[in-house]
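# Report on the structure
Here's the letter readout for the chains.
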Amino acid sequence: MPRFSSGREAALELRPDQPVYCFRPQVLAEDASAFLKAFPGKTAYAVKTNGEAMVLDVLARAGISAFDVASPAEFAAARAAAPGAELLYMHPVKAQSDIRLALEHYRIRATALDHEDEVAKILRIVRALDLDPEDLTLFVRIASRGDAAYELSKKFGAAPGHAAELLQRIHGLGIGCGLCFHVGSQVEDPDTYVRAVATAADVREAAAVPILALDVGGGFPAAYAQDPRRPAPLMPPLGEIVSGLMGAVERHGFSGTPLVAEPGRVIVARAFSVIVRVLLKKGQRLYINDGIWSSLSDSWTGKILLPVRHIPDPARRRRSGRAHQMEPFRIYGATCDSVDVLSRPFYLPESVDTGDWIEIGHIGAYSLSLRTRFNGFYPDTFVEVDTPFEAGDAPEGFAEPERRGGVEP
Ligand SMILES: *Cc1c(COP(=O)(O)O)cnc(C)c1O
């Protein structure tokens, strides 16, 4: 992989017309270590966030020894990167054949569920393979309420009464019981974890069976840009979120229970940026060579404001607009599809123009994994970059908080 000191250097040297991903292995290793240090339990990286081999390899070397996996392709990817790692199969609704593959071939011994029919599916395979039920831990996923960019309790999770019944059923079969929740991705209120732990305690009391592990899921927020038109949200750093969570763990009598976390976004977001090119400027609109069907679907659905850096094309002789005046630009994607428009603007200098590059930072989570081949566009060029995205000249988009711009609807 070609190597550069910064995204700017890569853009100016390569002059790319296709999106180029800048991978930062040092940043990835640092963010993985930071999570391992902050969280006093087992850290299982959520492979769906970014399952590229280059990512899993760095994580394995940084000391991540467990992976949250959801499909046969993820089992294989995690095993290839870390042959000795523990795999946790935390998808609550699984195909019968995938359960069999997990238990038989990959020797996975922990999985999640939120319904009795899933218990029946698993039990059928445990019996067919003549496994000892005691070797297995089934995590009952409880529904949790909270504020996150993605709220997942609408799709998965048992209500507390139902969760308690499921635990009793699992315990009755001689299988180990765990409790898990996933508050959604990019939580916006750290008390969401505190409330979920309280619910888990209620379920534990109602079920009155031994709980072998509490899995607090993912959702830990990554740093993105700040909208200059809105007050800064009060999102505490990871350490504080984890201390709040640990306070609840203690208060609710889970101190002696082994803990698991399934972080994705917070570990991998900063590890990638993507260099895109402005194909056309039309007033306050920029048409770029990436979009919601390539690297930017997460920012679209999650309404995330991405940090960006303007890299002017030195070959452009004439420019209009001020280089120090930040403006919100509406971003149009590469495909012919009319929904391929970002839900949040990029804050860039007024002087940005056709042919310039934009380095979009912190896109390591839910970008590469969500690329499609729609309309024939599939970015797949990688370079390695040594310095973090935020190093050097400040990225644009954080500046000029006093400005009150409007984005055309
Ligand atoms: C997606 C997912 C995660 C990772 O969530 P992040 O917000 O990226 O940390 C963890 N656990 C489960 C069950 C998931 O579905």
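Residues numbered from 1 in each chain as written. Predicted model: local features only at pLDDT ≥ 70, side-chain atom pairs only at ≥ 80, totals over all residues. Heavy atoms only, no water.

### A closer look at the site of the ligand
Rules: Only a single heavy atom is needed: when it lies within 4 Å of a molecule or strand, its residue is near that molecule or strand. N or O atoms closer than or at 3.5 Å make up a polar contact, with two conditions inside protein: a donor-capable atom paired with an acceptor-capable one, and, for residues adjacent in sequence, both atoms drawn from side chains. Exposure was quantified through the Shrake-Rupley algorithm and a 1.4 Å probe, taking into account, for residues, occlusion by the shown protein chains and nothing else. Only Asp, Glu, Lys and Arg are considered charged, only Ala, Val, Leu, Ile, Met, Phe, Trp, Tyr, Cys and Pro nonpolar, and every remaining residue, Gly among them, polar.
Around the ligand sit 14 residues, and of these Lys-48, Ser-185, Glu-262, Arg-265 and Tyr-366 come closest. Within the contact set of the ligand, an oxygen atom lies 2.9 Å away from a backbone nitrogen or oxygen of Gly-219. Between the ligand and Gly-264 there is a distance of 2.9 Å, counted from an oxygen atom to a backbone nitrogen or oxygen. Contact with the protein chains removes 92% of the 380 Å² of surface that the ligand exposes when unbound. Considering only residue class, the shell around the ligand consists of three nonpolar, six polar and five charged.

### Section: helix α5 (residues 96-104)
In an α-helix, one turn spans 3.6 residues; hence positions three or four apart end up facing the same way. Heads up, the condition is: Type-normalised accessible area, obtained with a 1.4 Å probe on protein chains alone, sets the label of each residue: buried when under 20%, exposed when over 50%, and partly exposed for intermediate values. Every helix listed is a DSSP run of H or I at least four residues long, and every strand listed is a run of E at least two residues long, numbered separately from the N terminus. The directions considered for the arc run from the helix axis to the C-beta atoms. We call two residues in contact when some of their heavy atoms are within 4.5 Å.
Taken as a whole, α5 has its buried residues at Ile-99, Ala-102 and Leu-103. Here the buried residues of α5 occupy an arc of 90 degrees about the axis, which is enough to place them on one side. Looking at the buried residues of α5, the elements they touch are α4 (72-81), β5 (86-89) and α6 (116-128).

### Let's talk about the UniProt feature "active site" (unreviewed entry) in the protein
Applied cut-off: UniProt positions are given in the numbering used here, feature names are shortened, and annotations may be inferred rather than shown by experiment.
Residues given the UniProt feature "active site" (unreviewed entry) here are Cys-336. For Cys-336, the location among the structural elements is in the loop between β16 (326-332) and β17 (346-349). Residue classification places Cys-336 among the exposed positions, given a relative accessible area of 72%.

### Topic: the pattern of salt bridges
We apply this condition: Throughout this description, the term salt bridge denotes a Lys or Arg side-chain nitrogen within 4 Å of a carboxyl oxygen of Asp or Glu.
Tallying each qualifying case throughout the model produces 23 salt bridges. Across the salt bridge formed by Arg-195 and Asp-189, the nearest N and O atoms sit 3.4 Å from each other. The closest approach of N and O atoms between Arg-371 and Asp-380, which form a salt bridge, is 2.9 Å. In this structure Asp-380 comes out as partly exposed when scored by relative accessible area, which is 45%.

### Side note on the domain arrangement of the protein
Rules: How far each domain reaches was decided by an automatic or database domain assignment.
Domain boundaries assigned for the protein yield domain 1 (3-21 + 269-406) and domain 2 (40-262). Just the C-alpha atoms count here: the centres of domain 1 and domain 2 sit 34 Å apart.

### Digging into the nonpolar core
The cut-off we apply is this: To define a nonpolar core, start from buried Ala, Val, Leu, Ile, Met, Phe, Trp, Tyr and Cys residues and group those joined through side-chain atoms within 4.5 Å.
Counting 104 residues, the largest nonpolar core has Tyr-45, Phe-67, Phe-220, Phe-272, Ile-358 and Ile-360 as the members making the most contacts within it. The element best represented in this core is helix α8 (residues 191-207), accounting for eight residues. The two domains that each donate at least three residues to this core are domain 1 (3-21 + 269-406) and domain 2 (40-262). The residues touching Phe-220, leaving out its near neighbours within four places in the chain, are Phe-35, Tyr-193, Leu-238, Ile-241, Val-242, Leu-245, Ala-261, Pro-263, Arg-265 and Val-266.

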